[in-house]
Each structure stands twice: as C-alpha cells, then as structure tokens.
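Structure assessment
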Amino acid sequence: MTETTPQPLSESTNDCYVVQYDRLDTSPLSVTIAEAVATYRGTDATELEPLHYAVNADALEQLFEPRADGLRTGGSVTFEYSDCLVTVTADGEIRITTA
C-alpha cells in the first residue's frame, strides 16, 4: 500500500510532498514516483514526460528492491523529473519538491 502525506519542507515558503512506498508491494517504484509527481503538480501521470527520460527506471527499481538478506537499510537517490526534485530513500520515502 502506498500512503501519501503532504508535509511542509521547513519554515520556508516551499512545499514538499512525501509518499511512503511499500517496497514489498507489487506496484513498480517508477509508477509510484510518476503518480506522486503528477499529484504534486496537479496533473495526470499520463501528461508527464516518461520517467526514463530523467533516470534509468530499471536501475532505480533494482537499487531499492528487496535483497536476499532483507530490505536495504540505507541510501538515497535524488534526480530531477518533470520540473521537480525527487528523492527516493532506502526506507521507501519519496520526497518531491519544486526543482
């Protein structure tokens, strides 16, 4: 299950949108990222450029998929996608801000 929670970035006027991705879910991480960015931007995911234009989606999936010895416990990747800055962490958090 994917839960979404809008959260303030800090005391600044910028806003941040956070999605918690369940790494054991059958929905691909790349789909969750595209849907979260679309929600943040107030548009439909089909109107965004393909995610693979911004990042190697297959490598991103492999980086955060469960390993034979359990779930990855550390690390993050940050990239720009559709005028947003997207950070994915090993604990399943997807944080979106304006680039």
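As the structure is a prediction and not an experimental result, all values here were calculated from the model.

The next subject is the overall build of the chain. When its secondary structure is counted, the chain shows two helices and five strands. Ordered by position from the N terminus, the helices and strands of the chain form the series β-β-α-α-β-β-β. Residues counted as buried form 34% of the 99 residues belonging to the chain. Restricting to contacts in the chain with at least 6 residues of sequence separation, those with at least 24 account for 48%. For the chain, the exposed area adds up to about 6,000 Å²; of that, 47% sits on carbon and sulfur atoms.

This part is about the pattern of salt bridges. Opposite charge on two side chains permits them to pair, given that their charged atoms come into close proximity. Taken as a whole and assessed by the stated rule, the structure comprises one salt bridge. Two residues, Glu93 and Arg95, come together in a salt bridge whose shortest N-O distance is 3.3 Å. For Arg95, a relative accessible area of 25% puts it in the partly exposed group.

The next point concerns helix α1 (residues 29-41). Along its 13 residues, α1 runs 18 Å from first to last C-alpha, staying within 8% of the 18 Å computed at 1.5 Å per residue. If you check which residues of α1 are buried, you get Leu29, Ser30, Thr32, Ile33, Ala34, Ala36, Val37, Ala38 and Tyr40. Tucked into the core, α1 has its buried residues touching β2 (15-20), α2 (57-64), β3 (76-81), β4 (84-89) and β5 (93-98). A positive phi of about 70 degrees marks Gly42, the residue just after α1.

This brings us to the confidence of the model for the chain. Put simply, the chain has an average pLDDT of 83, and 84% of its residues get 70 or more. Confidence drops under pLDDT 50 across residues 1-13; counting only partners more than four residues distant or on other chains, this segment forms 25 contacts.

Right, let's get into the environment of Tyr17. Within the element layout of this structure, Tyr17 appears in strand β2. Spatially, the C-alpha atoms of Tyr17 and Arg41 are 9.9 Å apart, while their sequence positions differ by 24 residues.

Each value, and the rule that gives it
Residues numbered from 1 in each chain as written. Predicted model: local features only at pLDDT ≥ 70, side-chain atom pairs only at ≥ 80, totals over all residues. Heavy atoms only, no water. Helix = DSSP H or I, 4+ residues; strand = E, 2+ residues; numbered from the N terminus. Buried < 20%, exposed > 50% of the residue type's maximum accessible area, 1.4 Å probe, protein only. Contact = heavy atoms within 4.5 Å. Areas by Shrake-Rupley, 256 points an atom, 1.4 Å probe, with all protein chains shown as cover. Salt bridge = Lys/Arg side-chain N within 4 Å of Asp/Glu carboxyl O. Expected span 1.5 Å × (residues − 1). pLDDT = per-residue confidence, 0-100.

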